[in-house]
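Residue-level structural notes
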There are 2 protein chains.
Amino acid sequence: MDKQEEQFVKAYAPATVANVCCGFDVLGFALDAPGDEVWARKKETPGILISAVTGVEGLSADPTLNVIGVVAQKMLTDLNLEHGLELQLHKGMPVGSGLGSSAASSAAAAFAVNALLGNPFTTQELVVYAMEGERLASGSAHADNVAPSLLGGFVLVRGYDPLDVIPLGVPLDLYASVLYPQIELKTSLSRSILKQEIPLKKGIKQWGNLAGLMAGLLMKDYGLIRRSLHDEIFEPERSVLIPLFKQVKDAALKAGALGCGISGSGPSIFALSPSAEVAHDIKNAMEKVYAGSGIETKSYVSKVPEQGVRLVEQSIYQTV
Amino acid sequence: MDKQEEQFVKAYAPATVANVCCGFDVLGFALDAPGDEVWARKKETPGILISAVTGVEGLSADPTLNVIGVVAQKMLTDLNLEHGLELQLHKGMPVGSGLGSSAASSAAAAFAVNALLGNPFTTQELVVYAMEGERLASGSAHADNVAPSLLGGFVLVRGYDPLDVIPLGVPLDLYASVLYPQIELKTSLSRSILKQEIPLKKGIKQWGNLAGLMAGLLMKDYGLIRRSLHDEIFEPERSVLIPLFKQVKDAALKAGALGCGISGSGPSIFALSPSAEVAHDIKNAMEKVYAGSGIETKSYVSKVPEQGVRLVEQSIYQTV
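Residues numbered from 1 in each chain as written. Chains lettered and ligands numbered in written order. Predicted model: local features only at pLDDT ≥ 70, side-chain atom pairs only at ≥ 80, totals over all residues. Heavy atoms only, no water.

Under an unreviewed UniProt entry, the name given to chain A is Homoserine kinase, and the source organism is Rufibacter roseus. UniProt, in the comment section headed Pathway (unreviewed entry), describes chain A in these words: "Amino-acid biosynthesis; L-threonine biosynthesis; L-threonine from L-aspartate: step 4/5." As stated in UniProt under Subcellular location (unreviewed entry), the record for chain A gives "Cytoplasm". (UniProt positions renumbered as here; feature names shortened; annotations may be inferred.)

As structure tokens, this is what we get:
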């Protein structure tokens, strides 16, 4: 085998929390873990081959039906490359959890392929490619999970016309406690129960809080973040789909959370806090609510990290 | 006459722009001029006497019907003081212009009375007193004009329950060009034509832009400010009440404005820009649109100042 073909890269992209309370559809942040890994190498024949999908059951290895295939194919097409790619996906996080599972796979694929090809794109430019995975997974090419998974920290998606992604970084120490109650909750259901009209008064409260959250993050004011982390509109509509949501939220706030809400379109629940210790207390308090409920849970504590996606392995044998 | 009674102060409070495009009801900023002056001195007998109202026609000198009387009375009552106050108001700005005329008078009154009484309140605490003037003037004790008039720069009013006023300062050089077309436009009409329900999609665009504007201001990014200064919801509904609005806005943007919108509930139109020179070009371009229209205009150029209200004169004769 030609040594050129031995080149491979493996990228890791983390889970993300979108719809951060008042930041519905526009604000997301990265976790450090869990996350997905994508391994990639060139192959001489055209097209995408997904040679392995591990970590979860039931995901397709058909490159037109798996987000990593769709993302990689779009990159190959845009770069007008004739060779193909062999990809492997290792899922390190649950699917359908509201933690940006498809986004993590998409971001890892985009980053791995980009690295393999000599970085023709900046990480920011990879957002549009990773969004193709979201289009496949949910029917809508949204950016509020893939952007933080790629860019780390908090990311604002100001708008889509044209796409305007603003990394806010991590101006201050924030820790996330995340609890995933293992119920099935389709994004489409969670989306369909939202009313298509918002009362003006609630809208004003919501964007006042979002502006407060932005100011709190950028002015490094934990008190303001705490006062702003509310969702007047969507949480009341959606939380009915998540058993024990109210009790979990109360427990998180009582344990010291700055705020607590539904991650993405659920069912995961996240809380933010100013220290790792408090974040662990919150996780324990949240778990306690579900203990004995018959609902299995997974939970995570993570600093909101500066970095999102990254290479975790590569082996480059230069041909001479 | 006892020299103690000769003590007086005079405060100046500037005009303000509220409803800054996407920041409807939550974001306002101060101008340096125009503005109102309030002169105040103690009088031995209880109650408020407004001994002069100058600068405009038709404002009541009845202390229960003029915002400065209402603000001052509320302060006297809360401080449980037995003496009274003599006040004079000089309006340096038009009434009903959408530039926070009642707010400027209210802020100047609150600041003057506070100084006269030895500053029992911080300037931030004066916001709730000045809001009493707004309650009289418009029936609603809103803070988005009085807060920037008192605190200067940009001010976020995150919410009212409880009141949460966040001064953002002036992180970067911004200049405002303001044109007041002298038509009568009642706030009540301008308010009544707003729909009480917002389409979800427009809401998301609006708060994406507000979050972008906050990030632009705090991250000192003129480009982001420019991309964010839009109002998807209210401007289309309200601008029909302002003749030539569309043409003025086009002219302002063409002259280099970062953004342009309705000031408060109109009819004044404001534009923001990154330099005094551009701000003057914009003012000229806006004036040109109205030239020959039969509508009289007043226009102003002002840096968005760090300071809002201030003392402009005082005479303190200490008794010995």
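Back to the write-up after that little detour.
**Some details on the overall build of chain A**
Across its full length, chain A holds 10 helices and 12 strands. Along the longest, intermediate and shortest principal axes, the C-alpha atoms of chain A span 60 × 45 × 35 Å. For chain A, contacts bridging at least 24 residues in sequence account for 73% of all contacts bridging at least 6. Taken as a whole, chain A presents about 12,700 Å² of accessible surface, with 51% of it coming from carbon and sulfur. (Helix = DSSP H or I, 4+ residues; strand = E, 2+ residues; numbered from the N terminus. Contact = heavy atoms within 4.5 Å. Areas by Shrake-Rupley, 256 points an atom, 1.4 Å probe, with all protein chains shown as cover.)

**What to know about helix 3 (residues 126–138) of chain B**
Residues and elements named next belong to chain B. The terminal C-alpha atoms of helix 3, which comprises 13 residues, lie 19 Å apart, in line with the 18 Å expected from a rise of 1.5 Å per residue. Those residues of helix 3 that fall on the buried side of the exposure criterion are L126, V127, Y129, A130, M131, E132, G133 and E134. Contacts made by the buried residues of helix 3 are with helix 1 (67–79), helix 2 (101–116), helix 4 (146–151), strand 5 (154–160) and strand 6 (163–169). Within two residues after helix 3, G139 carries a phi angle of roughly 85°, on the positive side. (Expected span 1.5 Å × (residues − 1). Buried < 20%, exposed > 50% of the residue type's maximum accessible area, 1.4 Å probe, protein only.)

**Comments concerning the sheet that holds strand 10 (residues 269–273) of chain B**
All names here are of chain B. Taken in spatial order, the 4 strands of this open sheet run 9-10-7-11, and their pairing is antiparallel. Each having just a single partner strand, strand 9 (259–262) and strand 11 (297–303) make up the two edges of the open sheet. Strand after strand, the sheet turns through a mean of 15° between neighbouring axes, direction not considered. Pairing of strand 7 (residues 175–181) with strand 10, which is carried by 5 bridges, proceeds in the antiparallel orientation. Residue pairing across strands places A176 opposite L272, the latter belonging to strand 10. Helix 9 (residues 245–254) contacts strand 9 and strand 10 of the sheet and is inclined by roughly 155° relative to strand 9. Sitting on the sheet, helix 10 (residues 276–290) touches strand 7, strand 9, strand 10 and strand 11, and the angle it makes with strand 7 is about 15°. (Pairing = 2+ DSSP bridges. Axes fitted to C-alpha atoms, helices over the stretch in contact; angles between N-to-C directions.)

**With respect to the interface of chain A and chain B**
With 33 residues of chain A at the contact, the number on the chain B side is 33 residues. Interface area, chain A with chain B, both sides summed: about 2,900 Å², of which 71% is carbon and sulfur. Among the residues of chain A in contact with chain B, R158, L200 and W207 of chain A are the three that bury the most area, contributing 26% of the side total. The tally of links between chain A and chain B comes to 2 salt bridges. When contributions to the side of chain A that touches chain B are tallied by element, the ones reaching two or more residues are strand 2 (23–43), strand 5 (154–160), strand 6 (163–169), strand 8 (197–199), helix 6 (200–218) and helix 7 (222–228) of chain A. Classifying every residue of the side of chain A that touches chain B by side-chain character gives 21 nonpolar, 6 polar and 6 charged. (Buried area = accessible area lost by both parts, 1.4 Å probe. Salt bridge = Lys/Arg side-chain N within 4 Å of Asp/Glu carboxyl O. Nonpolar A, V, L, I, M, F, W, Y, C, P; charged D, E, K, R; others polar.)

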